[in-house]
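An overview of the molecular structure
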Amino acid sequence: MAVRIRFARHGLRNRPMFHIVAMNARSKRDGKPLETLGAFNPHPNMEEKAKHITLDFARTKYWLGVGAQPTDGVRFLLERAGLLPPRPLYPNVRRAAAAAAAATQGN
């Protein structure tokens, strides 16, 4: 069973709130999760001017350790929280430089 760590949408129309959940990859977006890992409110609090994220670090580390794959949005939050290493900004630069070096050596 492939497990994904992803968002489950809750809240009102035009005011979403997302739960961060571990789910079977084939289940519906708002289906029953295996486990709820946290919550994310994308609307900033006007008093604090900050978005609120709650996350259970121990359980998230467990699910990542057993092979759960985060979606892109969740991956961004986990990188900001320090649970995942940041992705390279320009992943194709190294391959392009290697291809250029190979082309110059071939001539």
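1. Here we look at the overall build of the protein
- Looking only at helices and strands, the protein features three helices and five strands.
- Of the regular secondary structure in the protein, the N- to C-terminal order runs β-β-β-β-α-β-α-α.
- What you see for the protein is a C-alpha radius of gyration of 19 Å, clearly larger than the 13 Å of a compact globule of 107 residues, by over 25%.
- The buried share of the protein, taken over its 107 residues, is 23%.
- Pairs at least 24 residues apart make up 31% of the contacts formed inside the protein by residues separated by at least 6 positions.
- Total accessible area on the protein is roughly 7900 Å²; 55% of this is exposed by carbon and sulfur atoms.
- Here the protein contributes 18 positively and 7 negatively charged side chains, and the mean placements of these two sets differ by 8 Å.

2. Considering the pattern of salt bridges
- Across all of its chains, the model carries three salt bridges by this definition.
- With its nearest N and O atoms 2.9 Å apart, the salt bridge here joins R59 to E35. Taken as a pair, R59 in helix α1 (residues 57-65) and E35 in strand β3 (residues 35-45) lie far apart in primary sequence, 24 residues in all.
- Among the ionic pairs, R75 bridges to E79, the shortest N-O distance being 3.8 Å. A residue pair is termed a helical-turn pair when its members lie 3 or 4 positions apart in one helix, as R75 and E79 do in helix α2 (residues 72-81) at four residues.
- For R75, a relative accessible area of 22% translates into the label partly exposed.
- For E79, a relative accessible area of 17% corresponds to the buried category.
- What you see here is one network of salt bridges that share partners, running through R75, E79 and R87.

The rules behind the values
Residues numbered from 1 in each chain as written. Predicted model: local features only at pLDDT ≥ 70, side-chain atom pairs only at ≥ 80, totals over all residues. Heavy atoms only, no water. Helix = DSSP H or I, 4+ residues; strand = E, 2+ residues; numbered from the N terminus. Rg over C-alpha atoms; globule rule 2.2 N^0.38 Å. Buried < 20%, exposed > 50% of the residue type's maximum accessible area, 1.4 Å probe, protein only. Contact = heavy atoms within 4.5 Å. Areas by Shrake-Rupley, 256 points an atom, 1.4 Å probe, with all protein chains shown as cover. Lys, Arg positive; Asp, Glu negative; His and termini not counted. Charge placed at Lys NZ, Arg CZ, Asp CG, Glu CD. Salt bridge = Lys/Arg side-chain N within 4 Å of Asp/Glu carboxyl O.

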